[in-house]
Amino acid sequence: NAGVTQTPKFRILKIGQSMTLQCAQDMNHNYMYWYRQDPGMGLKLIYYSVGAGITDKGEVPNGYNVSRSTTEDFPLRLELAAPSQTSVYFCASSYSTGATGELFFGEGSRLTVL
Amino acid sequence: GQQVMQIPQYQHVQEGEDFTTYCNSSTTLSNIQWYKQRPGGHPVFLIQLVKSGEVKKQKRLTFQFGEAKKNSSLHITATQTTDVGTYFCAGRATDSWGKLQFGAGTQVVVTP
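Since the structure is predicted, the reported quantities are computational estimates derived from the model, not experimental observations.

(A) Broad picture of the overall build of chain B. Scanning chain B from terminus to terminus reveals zero helices and eleven strands. C-alpha atoms of chain B, sized along the principal axes, occupy 45 × 25 × 20 Å. Across the 112 residues in chain B, those meeting the buried criterion constitute 49%. Counted over contacts in chain B with a minimum sequence separation of 6, partners at least 24 positions apart contribute 53%. Of the roughly 5,300 Å² of accessible surface on chain B, a fraction of 51% belongs to carbon and sulfur atoms. Computed over 11 positive and 7 negative side-chain charges, the inter-centroid distance for chain B is 9 Å.

Right, dumping it as structure tokens:
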């Protein structure tokens, strides 16, 4: 049981490049989330999904896109990288939003845009 | 929109001392969660509080949910070096889907 797996762990991008951060979970969780964490700050929700085929914007969705074609995978796409997107990205999943809605986080993907 | 604030932002503690970190929400919450993130690591779930006035303990950690369900606190007794990290509270609003809103965290440094 691997939990939540994120790849890559580190990446350096040039301004204007595109990339996809991969996220997979093997816990059969319906809910999945993408957060970004800037130095000394909390976690800001980028996008979330309540199940396969359903996604919605969080607090800071601009510059990102997501898809959820399967329960297991929730990739995050950056189309035109900007320095403001330099951050640590965490993918998370949860069984529900109710009493058992604890979030399980991946180990993070550290992205630098130069 | 909903805002969750944590104080203090930083906490320097002498090993063996106690300290408390506080979390305040601008709106009533359905539940609140606490996470710990070690330096360079990812957030790890500690506990969830659901009921008004609820108090839960995990060894040296005591978590409390306010009567109005708008604030929470984490109290650590006899701090150890293993307590180093950032503690986040995350609140779920009572309306609609109830996404988790994270506070900015309290970064704890322990001096031996």
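(B) Expanded view of the overall build of chain A. Check the secondary structure of chain A and you find zero helices and eleven strands. For chain A, the sequential pattern of α-helices and β-strands runs β-β-β-β-β-β-β-β-β-β-β. The 114 residues of chain A split such that 46% are buried. Residue pairs in contact within chain A that sit at least 24 positions apart in sequence constitute 54% of those at least 6 positions apart. When the accessible area of chain A is evaluated, it comes to approximately 5,400 Å², of which 53% is carbon and sulfur surface. A distance of 10 Å separates the average location of the 9 positive side-chain charges in chain A from that of its 9 negative side-chain charges.

(C) Main features of the interface of chain A and chain B. Listed by partner, the interface residues are 24 residues for chain A and 19 residues for chain B. Interface area, chain A with chain B, both sides summed: about 1,700 Å², of which 55% is carbon and sulfur. Between the two partners, chain A and chain B, sit zero salt bridges. If you look at where chain A meets chain B, you find five residue pairs in polar contact (both at pLDDT 80 or more). Within the residue set of the side of chain A that touches chain B, elements represented by two or more residues are strand E4 (31–37) and strand E5 (43–51) of chain A. Considered class by class, the residues forming the side of chain A that touches chain B number twelve nonpolar, nine polar and three charged.

So, how was this worked out
- Residues numbered from 1 in each chain as written.
- Chains lettered and ligands numbered in written order.
- Predicted model: local features only at pLDDT ≥ 70, side-chain atom pairs only at ≥ 80, totals over all residues.
- Heavy atoms only, no water.
- Helix = DSSP H or I, 4+ residues; strand = E, 2+ residues; numbered from the N terminus.
- Buried < 20%, exposed > 50% of the residue type's maximum accessible area, 1.4 Å probe, protein only.
- Contact = heavy atoms within 4.5 Å.
- Areas by Shrake-Rupley, 256 points an atom, 1.4 Å probe, with all protein chains shown as cover.
- Lys, Arg positive; Asp, Glu negative; His and termini not counted.
- Charge placed at Lys NZ, Arg CZ, Asp CG, Glu CD.
- Buried area = accessible area lost by both parts, 1.4 Å probe.
- Salt bridge = Lys/Arg side-chain N within 4 Å of Asp/Glu carboxyl O.
- Polar contact = N/O pair within 3.5 Å; in protein donor to acceptor, adjacent residues only side chain to side chain.
- Nonpolar A, V, L, I, M, F, W, Y, C, P; charged D, E, K, R; others polar.

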